[in-house]
Amino acid sequence: MANHALTSTTGQQRSVSINAVGLSVALLFGGVHVVWALLVASGLAQTLLNFVFWLHFIRPGWVVDSFEFGRAAGLVAMTSAIGYAVGAIFAVIWASLHR
């Protein structure tokens, strides 16, 4: 698999690194879950969850469990890996559509 995807910008071809796109999406997905883990650790996650459900006209049925560092690390690692894969797949699809 090539390491760069070609994109078209105003008629010019520009190289985009599949690895860079993968890392960007991994940082986004992982970063969101780091914030969630911090909310759980601080005790604010349940309040936020209740508020978001309330905004969507849903009665909260979910209860946030207590914080565990190992689970939080696993969550961030898994979502970062998924983010990398999603970003890399997006870059490959983008490259194939802009040849």
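About the thresholds
Residues numbered from 1 in each chain as written. Predicted model: local features only at pLDDT ≥ 70, side-chain atom pairs only at ≥ 80, totals over all residues. Heavy atoms only, no water. Axes fitted to C-alpha atoms, helices over the stretch in contact; angles between N-to-C directions. Helix = DSSP H or I, 4+ residues; strand = E, 2+ residues; numbered from the N terminus. Parallel < 35°, antiparallel > 145°, perpendicular 65-115°, else oblique. Left-handed = near helix turned anticlockwise from the far one by under 90°. Nonpolar A, V, L, I, M, F, W, Y, C, P; charged D, E, K, R; others polar. Buried < 20%, exposed > 50% of the residue type's maximum accessible area, 1.4 Å probe, protein only. Arc of directions from axis to C-beta. Contact = heavy atoms within 4.5 Å. Phe/Tyr/Trp six-rings, centres within 6.5 Å; stacked < 30°, edge-to-face > 60°.

Bringing the packing of helix H1 (residues 18-42) against helix H3 (residues 69-97) into the picture now. Relative to each other, H1 and H3 sit at 150 degrees, their axes nearing to 6 Å. Relative to H3, the element H1 is oriented roughly antiparallel. Taken as a pair, H1 and H3 cross one another with a handedness that is right-handed. In terms of residue class, the contact of H1 with H3 is built from 19 nonpolar, 8 polar and no charged.

Here we take up helix H2 (residues 45-55). Of the positions making up H2, those classed as buried are Ala45, Leu49 and Phe53. End-on view of H2: buried residues confined to an arc of 65 degrees, all on one side of the axis. For H2, the exposed residues set more than 90 degrees away from the buried face come down to Thr47 and Trp54. Its buried side turned inward, H2 meets H1. Phi turns positive, to about 60 degrees, at Phe57, one or two residues after H2.

Looking now at the packing of aromatic side chains. All told, the structure shown has 2 aromatic pairs when counted by the stated rule. When the centroid spacing of 5.9 Å and the interplanar angle of 25 degrees are considered together, the rings of Phe51 and Trp54 count as stacked. Of this pair, Phe51 and Trp54 both sit in helix H2, separated by 3 residues, roughly a single helical turn. Under the relative-accessibility criterion, Phe51 is labelled partly exposed at 43%. A ring pair is formed by Phe90 and Trp94, whose centres lie 5.8 Å apart and whose planes are at 35 degrees; its orientation type is tilted. Of this pair, Phe90 and Trp94 both sit in helix H3, 4 residues apart, which is roughly one turn of the helix.

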